[in-house]
Amino acid sequence: MTVSRRSLLLGGATGLGLLGVGGLSACSSAAPGTAPASNASGDATSMILWTWPEGFGQKVLDGVASEFPQYSLRQDVVGGDFKQKLTTTLTAGSGLPDITGVKGEDIAYFKTQSQYFVDLNTVGAGDIKDTYLDWKWEQASTTDGEQLGIPIDIGPTALFYRFDVFEEAGLPSEPEELAAAIRTWDEYFELGKELLAKKPETYLIRNTGGLFDIIWKQSGKGFINEDDVFIGDQDHIRNAWDTAVKALNAGIVASLESNTADTAAAVNEGKLPADFGASWHLADLMVDAPETAGKWHVCEHPGDAINNGGSFLTIPEGAKDPAASFELIKFILNPQNQAYEYEDKGNFPATPEAFDMPEVAGPVEFLNGQVAAEVFGHAAETVRPLYENPNENTINAPFYAEIDLVEASGKDPDQAFEDAVKAAERLAEQVGLTVK
């Protein structure tokens, strides 16, 4: 059994330690068709739900079985490249599930393939639209008004930090106090320099590329606009680049790759006492540094929050009973069940009503009893919508490659940016975008 980091988040209000009771209930590397049904009645209509190896927790699945005895819902956990397997099945038009997840990073692509999905407006999506955050709902809306998916969760970002390390360095350490002191990136960089002076080899930023990733998204624009024009050469990208490089030049970047032993060691030793992330990033910290439990807090990071993650449930075109599928989706993704999923694996709800539920609004032991939902809930309400083009990751890849060269080998930042723009323009032309 492969256990993802996000599946290891403790229960929000219950403080169940490293792994909540339901934490492994839906995790499996099984192929489609092997997961157990949530209702064993032979008279029930079989319904199949496709998810990736995190799935929905047992509390939600048991709720479906109780609420809908007429259906036998089987959760099939699809390992490997979920997007590719789903695309192949949709194209073939056979072996379709009744409901399928679509990852947040893939929804822009699938919106260009909307013929393979039921327009959920035709089965009642409009009746529940106000239950969900507007910007997340719109992420699964096509330009001609079709609704492809209902939000499973969101990933509003904040700053996780070791308050004990900050206290030792004489820096602001209470969440509201620290948040007020770092409203701008320049203020955060100055704090980083102060920390480094008092505690050598202690850094506030993991790597330059990760910082760049946050800052350009804060602008509300990406590398391609709604008219399919490449805009990666414009000021909002250049400003993000220059700001990230400024941090590197200030000497406050640890230059550590994500998800490595070196990063885990730095977190354990207090050498990387701060990191940006969505609510599910707590699970990363718990896996990397379990002995630091109770020494962390979370607060707003500089500038606006961005969204990192958050997926959808959809109905494939050709599903045997779209109306029934939608009834199940409405229940699975209602505010109470989204609160259960936060408790189970740290998926932050896309339904504001869930923010105040005890499963979400309770104290988190790893964060020394802080109610993290207050921070993430506020962040969720301030996220700026970001237009997503299906070619976005292809086009922006040269920028991450070049900024890594600036960090790793000292390449001239101006030359690196120029090279990134040229490479991105070539890629943009290859995929049919307009380059001005």
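Residues numbered from 1 in each chain as written. Predicted model: local features only at pLDDT ≥ 70, side-chain atom pairs only at ≥ 80, totals over all residues. Heavy atoms only, no water.

### Remarks on the overall build of the protein chain
When its secondary structure is counted, the protein chain shows 17 helices and eight strands. What you see for the protein chain is a C-alpha radius of gyration of 22 Å, in line with the 22 Å of a compact globule of 436 residues. Principal-axis analysis of the C-alpha atoms places the extent of the protein chain at approximately 70 × 55 × 35 Å. Across the 436 residues that make up the protein chain, the buried fraction comes to 56%. (Helix = DSSP H or I, 4+ residues; strand = E, 2+ residues; numbered from the N terminus. Rg over C-alpha atoms; globule rule 2.2 N^0.38 Å. Buried < 20%, exposed > 50% of the residue type's maximum accessible area, 1.4 Å probe, protein only.)

### Topic: the side chain of Arg 206
Within the secondary structure layout, Arg 206 lies in the loop between helix H7 (185-198) and helix H8 (208-218). Residues in contact with Arg 206, not counting those within four places in the same chain, are Val 253, Ala 254, Ser 255, Leu 256, Glu 257, Ser 258, Asn 259, Thr 263, Leu 272, Asp 275 and His 281. (Contact = heavy atoms within 4.5 Å.)

### Structural notes on a negative patch on the surface
A surface patch of like charges, here negative, comprises Glu 167, Glu 174, Glu 176, Glu 177 and Glu 374. With respect to the helices and strands, the residue Glu 174 is situated in the loop between helix H5 (163-168) and helix H6 (175-181). The exposure class of Glu 174 is partly exposed, given its relative accessible area of 45%. (Patch = residues over 30% accessible without salt bridge, like charges linked within 9 Å, V, L, I, M, F, W, Y side chains within 5 Å. Areas by Shrake-Rupley, 256 points an atom, 1.4 Å probe, with all protein chains shown as cover. Salt bridge = Lys/Arg side-chain N within 4 Å of Asp/Glu carboxyl O. Lys, Arg positive; Asp, Glu negative; His and termini not counted. Charge placed at Lys NZ, Arg CZ, Asp CG, Glu CD.)

### Quick notes on helix H1 (residues 58-67)
Along an α-helix, a turn takes 3.6 residues, which lines up residues three or four apart on a common side. Listed as buried for H1 are Val 60, Leu 61, Gly 63, Val 64 and Ala 65. Buried residues along H1 sit in contact with strand E2 (71-77), helix H12 (322-332) and helix H13 (335-345).

### Quick notes on the sheet that holds strand E1 (residues 45-51)
Taken together, the five strands give an open sheet; going across it, the order is E2-E1-E3-E8-E4, and neighbouring strands pair in mixed fashion. Since the sheet does not close on itself, it has two edges, and those belong to E2 and strand E4 (150-151), each with one partner. (Pairing = 2+ DSSP bridges.)

### Re unusual backbone geometry
In this model, Glu 201 sits at a positive phi of 60°, which is unusual for a non-glycine residue. Residue position: Glu 201 is located in the loop between H7 and H8. In the Ramachandran plot, Asn 368 falls in the positive-phi region, its phi being about 60° despite a non-glycine side chain. Take Asn 368: it is sitting in the loop between helix H14 (358-361) and helix H15 (372-382). A relative accessible area of 46% means that Asn 368 is categorised as partly exposed.

### Some remarks on the pattern of salt bridges
Considering all chains together, one arrives at 19 salt bridges under this definition. One salt bridge in this structure joins Arg 74 and Asp 76, with 2.9 Å as the shortest N-O distance. The class of Asp 76 is buried, set by a relative accessible area of 1%. Asp 414 serves as the salt-bridge partner of Arg 238, at 2.5 Å between the closest nitrogen and oxygen. Highlighted residues: Arg 238 in helix H9 (residues 235-249) and Asp 414 in helix H17 (residues 413-430), separated in sequence by 176 residues. Ionic contacts of the salt-bridge type, sharing partners, join the residues Arg 238, Asp 242 and Asp 414 into one network.

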